[in-house]
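What follows is each chain in one-letter form.
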Amino acid sequence: MKNQIEIQKIIKPFKKQIIVSSDKSLSIRCILLSSIAIGRSKIFNLLKSDDVNNALMAVKKIGVSYKKKKNYLEINGVGINGFKIKKNTVLNAGNSGTLARCIIGLCSASKSNFKLIGDKSLSKRDFSRVIKPLNLFGVNIKSRNDMLPLEFKGSNLLRPINYTENKGSAQIKTCIIFSAINTPGVTKINAKKSRNHTELLLKYLKYPIKIKKNKTYDLIEVKGLRQFKSFDYTVPGDISSASFFIILTLLSKNSTLLIKNININQSRIGILKILNIMNANIKILNKRKYRGEDIGDIKIKSTKNLKSINCPEKLNSSAIDEFLLIFLIASKSKGISTFKNLYELNKKESPRLDIAIKFLKMVGIKVIRKNCDIKIFGNPSLKLKNKYQMKNFMKDHRVFMMTVIAALTLGGKWKINDKDSIKTSFPKFLKISKKLGAKIN
Ligand code: S3P
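As the structure is a prediction and not an experimental result, all values here were calculated from the model.

Quick notes on the rules
Residues numbered from 1 in each chain as written. Predicted model: local features only at pLDDT ≥ 70, side-chain atom pairs only at ≥ 80, totals over all residues. Heavy atoms only, no water. Helix = DSSP H or I, 4+ residues; strand = E, 2+ residues; numbered from the N terminus. Rg over C-alpha atoms; globule rule 2.2 N^0.38 Å. Buried < 20%, exposed > 50% of the residue type's maximum accessible area, 1.4 Å probe, protein only. Contact = heavy atoms within 4.5 Å. 1 Å grid on protein atoms, 1.4 Å probe; cavity = no way out; pocket = protein on both sides within 12 Å on 5 of 7 lines; lining within 4 Å. Points joined across faces, edges and corners; volume = space filled by probe spheres on them. Nonpolar A, V, L, I, M, F, W, Y, C, P; charged D, E, K, R; others polar. Pairing = 2+ DSSP bridges. Axes fitted to C-alpha atoms, helices over the stretch in contact; angles between N-to-C directions. Expected span 1.5 Å × (residues − 1). Polar contact = N/O pair within 3.5 Å; in protein donor to acceptor, adjacent residues only side chain to side chain. Patch = residues over 30% accessible without salt bridge, like charges linked within 9 Å, V, L, I, M, F, W, Y side chains within 5 Å. Areas by Shrake-Rupley, 256 points an atom, 1.4 Å probe, with all protein chains shown as cover. Salt bridge = Lys/Arg side-chain N within 4 Å of Asp/Glu carboxyl O. Lys, Arg positive; Asp, Glu negative; His and termini not counted. Charge placed at Lys NZ, Arg CZ, Asp CG, Glu CD. Domains from an automatic or database assignment. Buried area = accessible area lost by both parts, 1.4 Å probe. Near = heavy atom within 4 Å. Core = buried A, V, L, I, M, F, W, Y, C linked by side-chain atoms within 4.5 Å.

> So what exactly am I meant to see when it comes to the overall build of the chain here?
When helices and strands are tallied, the chain shows 12 helices and 22 strands. For a compact globule of 441 residues, the expected C-alpha radius of gyration is about 22 Å, and the chain comes in at 22 Å, within 12% of that figure. Split into buried and exposed, the 441 residues of the chain put 58% on the buried side. A fraction of 75% describes how many contacts in the chain between residues 6 or more apart in sequence connect residues 24 or more apart.

> Before we go on, may I ask you to explain the layout of surface pockets in this structure?
A water-sized probe rolled over the atoms picks out the places where empty space is left. Estimates place the volume of the second largest pocket at around 530 Å³. Lining the second largest pocket we find 23 residues, and of these L251, S252, K253, K304 and K332 sit closest to its centre. When contributions to the lining of the second largest pocket are tallied by element, the ones reaching two or more residues are α7 (239–251) and α11 (397–410). With three residues, α11 is the single largest residue contributor to the lining of the second largest pocket. Per-class residue counts for the lining of the second largest pocket are 10 nonpolar, seven polar and six charged.

> Explain the sheet that holds strand β11 (residues 186–192) here, please?
By way of backbone hydrogen bonds, the strands of a sheet pair with one another, either parallel or antiparallel. Here we have four strands laid out as an open sheet, ordered β10-β11-β13-β12, and mixed in their pairing. Where the open sheet ends on each side, the last strands, each with one partner, are β10 (162–165) and β12 (209–213). Adjacent strand axes in the sheet meet at a mean angle of 15°, parallel and antiparallel pairs treated alike. Of the strands in this sheet, β10, β11, β12 and β13 (217–223) are in contact with helix α5 (residues 170–181), which crosses β11 at around 175°.

> Help me understand helix α1 (residues 24–35), please; the structure alone is not making it clear to me.
Note that an α-helix has 3.6 residues per turn; residues three or four places apart therefore point the same way. Relative to the 16 Å expected for 12 residues at 1.5 Å per residue, α1 spans 17 Å between its end C-alpha atoms, a close match to the ideal helical length. Listing the buried residues of α1 in full gives K24, S25, L26, S27, I28, R29, C30, I31, L32, L33, S34 and S35. Between the side-chain oxygen of the N-cap and the backbone nitrogen of S25 there are 3.1 Å, and the N-cap of α1 in question is D23.

> Quick question: what am I supposed to make of a positive patch on the surface here?
Judged by side-chain charge, K9, K253, K304, K383 and K385 come together as a positively charged surface patch. Relative to the assigned elements, K9 resides in the loop between β1 (5–7) and β2 (15–18).

> Even after reading the chapter, I still don't get the domain arrangement of the chain, so can you show me in this structure?
Buried accessible area, meaning the area lost when the parts come together, often serves as the stated size of an interface. As far as domains go, the chain holds domain 1 (4–22 + 236–435) and domain 2 (24–229). With 25 residues of domain 1 in contact, the opposing surface of domain 2 contributes 25 residues. Between domain 1 and domain 2, the buried area comes to about 2200 Å², and carbon and sulfur atoms account for 45% of it. The largest share of the area that domain 1 buries against domain 2 comes from S22, R291 and T424, three residues that together contribute 23% of it. Remark: the boundary between domain 1 and domain 2 carries three salt bridges. Residues R125 and E349 are paired through a salt bridge, measuring 3.9 Å at the closest nitrogen-oxygen approach. In this structure, the connection of domain 1 to domain 2 is made through 16 residue pairs in polar contact (both at pLDDT 80 or more). Residue composition of the side of domain 1 that touches domain 2, by class: four nonpolar, 10 polar and 11 charged.

> Is there a simple way to think about the site of the ligand in this case?
Around the ligand lies a shell formed by S25, R29, T98, S169, A170, Q171, R195, I320, D321 and K348. The contact in question runs from an oxygen atom of the ligand to an N or O atom on the side chain of D321, over 2.7 Å. When the free accessible area of the ligand is taken as 380 Å², the share hidden by the protein chains comes to 95%. At the level of elements, α1 and α5 are the ones that each hand at least two residues to the shell around the ligand. Its residues placed into classes, the shell around the ligand shows two nonpolar, four polar and four charged.

> How should the sheet that holds strand β21 (residues 384–390) be read in this particular structure?
Pairing is mixed across the open sheet formed by three strands, whose spatial order is β1-β22-β21. If you trace the sheet from one side to the other, it starts and ends with β1 and β21, each paired once. Adjacent strand axes in the sheet meet at a mean angle of 10°, parallel and antiparallel pairs treated alike. Its contacts with the sheet place helix α10 (residues 352–362) against β21 and β22 (411–416), and it is angled at close to 150° to β21. Along the sheet, α11 makes contact with β1, β21 and β22, crossing β22 at roughly 155°.

> Just to check I follow, could you spell out unusual backbone geometry for this structure?
Trans peptide bonds make up most of the peptide bonds, and negative phi angles are found at most residues other than glycine. With an omega of 0°, the peptide bond running from L148 to P149 counts as cis. Mapping P149 onto the fold places it in strand β9 (residues 147–152).

> For this particular structure, what's the right way to read the environment of F127?
Among the structural elements, F127 can be located in the loop between β7 (114–117) and α4 (128–137). On the basis of relative accessibility, which here comes to 0%, the residue F127 falls in the buried class. Remark: the alpha-carbon pair of F127 and D51, spanning 76 residues in sequence, is separated by 18 Å. Not counting residues up to four positions away in its chain, the partners in contact with F127 are A100, R101, L116, L122, D146, L148 and L150.

> Help me understand the nonpolar core, please; the structure alone is not making it clear to me.
Within soluble globular proteins, side chains that are nonpolar tend to cluster in buried spots. Judged by nonpolar contacts, the single largest core of 82 residues is most densely connected at F245, F327, F339 and F429. With 10 residues, α11 is the single largest residue contributor to this core. The next biggest cluster of nonpolar side chains, apart from the first, holds 71 residues, and it includes I28, V130, V139 and F178.

> Explain the side chain of D51 here, please?
Looking at where D51 falls in the secondary structure, it is placed in helix α2 (residues 50–61). Ignoring any residue separated from it by four or fewer positions in sequence, one finds D51 in contact with K24, I28, N95, S96, L99 and T424.

> For this particular structure, what's the right way to read the environment of L225?
Its place among the elements puts L225 in the loop between β13 and β14 (232–234). The spacing of L225 and I161 is 64 residues in sequence and 14 Å in space, taken between C-alpha atoms. Sequence-distant contacts of L225, that is, excluding residues within four places in its chain, are made with I80, N81, I181, N182, T183, P184 and Y207.

Encoded structure:
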């Protein structure tokens, strides 16, 4: 069947070094920020994926030109308020919540009408979380049930806002910061901690943004309408993509893996902190700083005695894209693992909490769910023998890749649908899996 793979457990131990795809969050932010910089930016090692292509097509539609060079992407920034948005322009964010929510912040000062659309999965996701703050800035948006398509009805003079972002969502935070850049005066955001790439990039660009870090929230102040210059940036590897192979190695026998050049920003490495509590054999080597971000190489060794975790809720946001994998490893660990308040997990490309629970039950793991809290009863000797088929997961790339890792480590004969979903974030995923010994038909 087209777009379906057949796959079984990896048998031989491996000792390898890999490079995974470039960071998606940083790739999209680099495109968006370089398009409002003054002058020509060069972005090296940009992620080649559908979400990133959609970002490029979107900025092109609003007057930003770019050239794909051999080793980098050259983007000709138009400055703040320099977009040329023609009446009734349609921006298509495809599958990407990050692109959708960030670009509308960037276009908040548009005088012309434009429309934001996306694919089937994105069209089921909630946009009230960004419509609300944008309305407060003075942006007029029409939608049905706060979902796509969103129709932007042209803004009057924007006014700065004071806003509390309490979901711990970097997409909402970035949308507000981008809109604040278009707005005269100072916007204040009290944001529950989430990935902080936007803030670090703006600081690197010497944009007037102030951040006061508190325990669970950051107070961010953004001065509007300050132009900034173009920049060069080399995007590091994505910890979210690396995580698939971290879990694969931990659950394989006698194997070692070195994953080079990964972004290990504190606001992204919840998974490493969680795995550390679970006893996983992981080391960070060659730690260095780059434009405010932390980068390092990750060395992983197979670990036999993994233990369960009572996952600290404060790690939820920094591990948000990795929970499917964390549940998988909890299933193979000794004891009962508990996770609390994972409401946001159901707000992703698919309802990941619901899908994960279905998946774990399918492979015979006991799970108890109460609202958005779950308990996973680990079984270190779990070995599968049956035939399994994975379909109907809304083509969610992370569900697909987690299922592949489960098949490669737990046993059983698997058929998994929608392999094309990896084009969203990690097109090289199956190629790297093969390099580590996976046989995929
Ligand atoms: C992202 C933020 C996260 C994450 C997504 C990428 C970003 O979403 O799940 O994959 O680049 O800002 P939320 O901010 O909505 O939690």
